[in-house]
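Here's the letter readout for the chains.
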Amino acid sequence: MHFHLPKPLHGWREFAGEVGIIVIGVLIALSFEQLAVTIQNRANAHEAREAVRAEVSENLWWIQDREDYEPCIDGILSDLAIVLARARDGLPTPMITNFDLPTHSKITSLRWEANSQAGRASLFPEDEQRVLGNMYFTTEEYRASQEEEATIWSKIGFVVGLKHFTVLDIHDLGVLLAEARYRNFRAKLDIKRANQWGERLRITAANPNPVEHYNLSATPDCPSITSAPPGS
């Protein structure tokens, strides 16, 4: 038994030409589809980058606010250490009346998280993703640390108006002062790291919100926390 392949109506050459045209058409369609996807990905990456960089810029602005206030914090910690030393030595202590808490920085990561979950952050170059990841890790560390710092400083507030330190007061202030110093050290370290990552990303501190407006270039007023001189 013999099998015979059907012959095209107009010959094999013409049939191959028609198939070739179809294949080329499919390839062109796929190329245009890929081009459209590439253009859309670039647009998505640009939109995500603008949102994330704006968020980083605002976070840096708040961190700069804390950095500018650091001399005041160092001064308060120094004054508290003097009060504690006098109390431990049984000497009269100055009354603490002007006790101010460290500034609170509004640190957010909503835009970064939203674009990461949507897969848009993965469209960034690998090095940019890595540096942004380090930036957000640092600002999150700073945010968490300042929450603990706020709790510590609120507890230190028990010394306001205190005329005499008991043994328990001296112990508590010593512990809290040590914790406050450590948290301030962590804040300075996170500030330094955040500024370094900002330089790598070429992002400067800026606040686009006119409601939250401060003059960060002004020298902070750092009055002494004590108003009554110690006794002799």
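Computed from a predicted structure; not experimentally measured.

Colleague: Explain the environment of arginine 130 to me, and be specific about the residues and the numbers.
Modeller: Mapping arginine 130 onto the fold places it in helix 3 (residues 126-156). For arginine 130, a relative accessible area of 42% gives the class partly exposed. A polar side-chain atom of arginine 130 sits 3.0 Å from a polar atom in the side chain of aspartate 127.

Colleague: Before we move on, can you summarise the pattern of salt bridges with the specific residues and values?
Modeller: A side chain of one charge can pair with a side chain of the opposite charge if their charged atoms are brought near each other. A complete count under the given rule lists 13 salt bridges for this structure. Of the charged contacts, one joins arginine 111 and glutamate 58 as a salt bridge, the two residues approaching to 3.7 Å between their closest N and O atoms. Taken together, the residues span a long stretch of sequence, with arginine 111 in helix 2 (residues 110-117) and glutamate 58 in helix 1 (residues 12-88) at a distance of 53 residues. With its nearest N and O atoms 2.8 Å apart, the salt bridge here joins glutamate 141 to arginine 186. Pair noted here: glutamate 141 is in helix 3 and arginine 186 is in helix 4 (residues 167-201), with a separation of 45 residues, a long-range link. We classify arginine 186 as buried; its relative accessible area is 18%. Three or more residues are tied together by salt bridges with common partners; here these are Glu55, Glu58, Lys106 and Arg111.

Colleague: Account for helix 4, with residues named and values stated.
Modeller: Owing to its 3.6 residues per turn, the α-helix brings residues three or four apart onto one side. In this model helix 4 runs 51 Å from its N-terminal to its C-terminal C-alpha over 35 residues, within 8% of the 51 Å that 1.5 Å per residue would give. Taken from the residues just after helix 4, arginine 202 is the one with a positive phi, measuring 60°.

Colleague: Give a description of empty space enclosed by the protein that names residues and reports values.
Modeller: Within the structure shown, the criterion is met by one cavity of 30 Å³ or more. Empty space within the largest cavity amounts to approximately 40 Å³. In this structure, the largest cavity is lined by Arg66, Tyr142, Ser145, Gln146, Glu149, Arg183 and Ala187. Put simply, the parts of the chain that give the lining of the largest cavity at least two residues each are helix 3 and helix 4. Tallying contributions element by element places helix 3 first for the lining of the largest cavity, with four residues. Each residue belonging to the lining of the largest cavity can be placed in one class, and the counts come to two nonpolar, two polar and three charged.

Colleague: So what's going on with unusual backbone geometry? Residues and values would help.
Modeller: Here the phi dihedral of arginine 202 falls at roughly 60°; this positive angle occurs in a residue that is not glycine. Relative to the helices and strands, arginine 202 resides in the segment after helix 4. On the basis of relative accessibility, which here comes to 76%, the residue arginine 202 falls in the exposed class.

Colleague: Quick rundown of the confidence of the model for the protein? Include the residues and the values.
Modeller: Keep in mind that low pLDDT regions are not for reading the predicted coordinates in detail. In the predicted model, the protein carries a mean pLDDT of 82, and the fraction of residues at 70 or more is 74%. Averaged pLDDT values for the elements of the protein fall to 79 in helix 1 and rise to 96 in helix 4.

Colleague: How would you explain the packing of aromatic side chains if you had to name every residue and give the values?
Modeller: For the structure on display, the rule yields three aromatic pairs. Ring geometry for tryptophan 61 and tryptophan 62: centres 5.2 Å apart, planes at 90°, overall edge-to-face. A residue is classified by how much of its surface remains accessible, and tryptophan 62, at 6% relative accessible area, is buried. Summarising the aromatic geometry, the rings of tyrosine 182 and phenylalanine 185 are spaced 6.5 Å apart at their centres and angled 35° between planes, so their arrangement reads as tilted. Here tyrosine 182 and its partner phenylalanine 185 are both found in helix 4, three residues apart, which amounts to about one turn of the helix. Its relative accessible area of 40% is what places tyrosine 182 among the partly exposed residues.

Colleague: Go over the environment of alanine 87, please, and point to the residues and values.
Modeller: Position of alanine 87 relative to the elements: it lies in helix 1. In this structure, the C-alpha to C-alpha distance between alanine 87 and aspartate 169, residues 82 residues apart in sequence, is 9.2 Å. If we skip the residues at most four places from it in the chain, alanine 87 touches Thr93, Phe165 and Ile170.

Colleague: Account for the packing of helix 3 against helix 4, naming residues and giving values.
Modeller: One way to put it is that helix 3 packs onto helix 4 with a least axis distance of 9 Å and a crossing angle of 160°. Judged by the angle between their axes, helix 3 and helix 4 are roughly antiparallel. Our pair here, helix 3 against helix 4, has a crossing hand that is left-handed. For the contact of helix 3 with helix 4, the per-class residue count stands at 15 nonpolar, five polar and twelve charged.

Basis of the calculations
Residues numbered from 1 in each chain as written. Predicted model: local features only at pLDDT ≥ 70, side-chain atom pairs only at ≥ 80, totals over all residues. Heavy atoms only, no water. Helix = DSSP H or I, 4+ residues; strand = E, 2+ residues; numbered from the N terminus. Buried < 20%, exposed > 50% of the residue type's maximum accessible area, 1.4 Å probe, protein only. Polar contact = N/O pair within 3.5 Å; in protein donor to acceptor, adjacent residues only side chain to side chain. Salt bridge = Lys/Arg side-chain N within 4 Å of Asp/Glu carboxyl O. Expected span 1.5 Å × (residues − 1). 1 Å grid on protein atoms, 1.4 Å probe; cavity = no way out; pocket = protein on both sides within 12 Å on 5 of 7 lines; lining within 4 Å. Points joined across faces, edges and corners; volume = space filled by probe spheres on them. Nonpolar A, V, L, I, M, F, W, Y, C, P; charged D, E, K, R; others polar. pLDDT = per-residue confidence, 0-100. Phe/Tyr/Trp six-rings, centres within 6.5 Å; stacked < 30°, edge-to-face > 60°. Contact = heavy atoms within 4.5 Å. Axes fitted to C-alpha atoms, helices over the stretch in contact; angles between N-to-C directions. Parallel < 35°, antiparallel > 145°, perpendicular 65-115°, else oblique. Left-handed = near helix turned anticlockwise from the far one by under 90°.

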